[in-house]
Amino acid sequence: SEKFELGRNFCNKLWQAATGFVLPNLRGGTAVSAVSSVPRPLKPDELAIEDLWILSRLAGCIEEVDRRFERYQVNEAANALYAFFWGDFCDWYVELVKPRLYDQNRDREGAAPTPDAERSANVARQVLAWVLDQTLRLLHPITPFITEALWKKLNEAAPQRGIAQVEEHGSALIVARWPDAAASACDTQGGIIEGRASPHTTTTATATAKIIVPALQAVIRALRDIRAHVNQIRAAAKQSSIRKLPQAVIRTDAQTAQQLTQRLAVIQRLGQCEALQIGPDVAKPPESASKVLAGIAVYVPLSGLADLEIERRRLSKERDELAGHLKRLEAKLANENFVNKAPATVVERERTRLAELTERLAAIEQNLAEVGG
């Protein structure tokens, strides 16, 4: 059964992520003992953007699982956990924190890690331990045997866990507290209690994390998509595939550009791109493949990499599909029945979407013109 295979693969992923990455990093690296000191309560401003993002995603996952279990929708609860742990945690958070963990443990010419690097690495470990802790609790009703086994290993590696409140946890997962998504206690600045953002207040950093990390993900996906597209073109021409894009240009607003520039190495590593230029005023290189996102444009020069005629056909198809979506959305918003009867939030969402699609269509038409389409 395909469902059994999915379940088996997820259990393998859970075990491998826990025993192959999280737990070894909690026990320490080659140069420094990671959790040699007792973890301490953390304030929001001590958490990196990716830490705040994964904690907000965890809070959303807890709320979704609670909602599904209350309705006896076990399959939907399992799907939410699958998407969070495999997608948000393994695919993204783990990759984003690797530089913090490995740079801190790397002994360069005998030099010890800097205090800032060591603190950053230990914060990442504390978040890793907490997210694994909460995930095991949420998964326990569905996969009780593997989660109980991992709980024992987690207790050995990090007996004290938490973000704002650090404490020891029960020796058996079956009697451990269920994650609380409705925790309301917070400080006046909007604290994080039991590993989640307070539902009553949101820190500026958390709000920024919810914008920057999705932007980072979108850029990396765009680079991967363009590289895959280039390799498809090269395969059609019987040319060998490329492992990395030689260069790319990312145009976005100044604030997002600054945040992305601070994570240049991560984008290069996960997006498989050797050189990046990021800014609000960067020029689009001639003869470039492009991905137009909401507020972000990603360009990759194709000269020497791919046939531009294929890129022109791709952009033409994307333009036609987008024009169709735009026409249907305009008709929907022109319908007085919809505008008058639909909730105001729904109408506003559709108007925002219309503006985004219009912006994307204009950008695609410009890109098409620049490659001679």
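These lines cover the structure that appears in this document, whether it is placed above or below. On a predicted model such as this, the values are computed, not experimentally measured, just so you know. (Residues numbered from 1 in each chain as written. Predicted model: local features only at pLDDT ≥ 70, side-chain atom pairs only at ≥ 80, totals over all residues. Heavy atoms only, no water.)

With that settled, the discussion passes to unusual backbone geometry. Residues other than glycine seldom take positive phi values, yet Tyr 72 does so here, at roughly 60°. Along the chain, Tyr 72 turns up in the loop between helix H2 (49-70) and helix H3 (74-105). The class for Tyr 72 is exposed, based on a relative accessible area of 74%. Of note in the backbone geometry, Gln 272 takes a positive phi value of approximately 55° without being a glycine. Within the secondary structure layout, Gln 272 lies in the loop between helix H8 (264-271) and strand E6 (273-279). Residue classification places Gln 272 among the buried positions, given a relative accessible area of 18%. (Helix = DSSP H or I, 4+ residues; strand = E, 2+ residues; numbered from the N terminus. Buried < 20%, exposed > 50% of the residue type's maximum accessible area, 1.4 Å probe, protein only.)

What follows is about the pattern of salt bridges. What the rule picks out here adds up to 20 salt bridges. For Arg 57, the salt bridge is made with Asp 88, and the minimal N-O distance between the two is 2.9 Å. With Arg 57 in helix H2 and Asp 88 in helix H3, this pair connects stretches of sequence that are 31 residues apart. Given a relative accessible area of 11%, Asp 88 falls into the buried group. Residue Glu 309 pairs with Arg 312 through a salt bridge whose shortest N-O separation is 3.1 Å. Linking Glu 309 with Arg 312, this pair stays in helix H9 (residues 308-334), spanning three residues, or about one helical turn. Linked by salt bridges that have partners in common, Glu 50, Asp 51 and Arg 100 make up one network. (Salt bridge = Lys/Arg side-chain N within 4 Å of Asp/Glu carboxyl O.)

This part covers the nonpolar core. Core analysis: the biggest nonpolar cluster contains 84 residues, and Ile 54, Phe 85, Phe 89, Tyr 93, Val 127, Leu 223 and Ile 267 have the highest contact counts within it. A total of 13 residues in this core trace back to one element, the largest contributor, which is H3. In this structure, Leu 329, Leu 333, Phe 338 and Leu 354 belong to the second largest nonpolar core, which totals 15 residues. (Core = buried A, V, L, I, M, F, W, Y, C linked by side-chain atoms within 4.5 Å.)

The next subject is the pairing of strand E5 (residues 245-252). With six bridges joining them, E5 and E6 adopt parallel strand pairing. Residue Leu 245 lies in a different strand from E6, and its bridge partner there is Cys 273. Inspection of the sheet shows E5 paired to strand E8 (residues 296-301) by four bridges, in the antiparallel sense. Note on E8: the bridge partner recorded for Val 249 is Tyr 299. (Pairing = 2+ DSSP bridges.)

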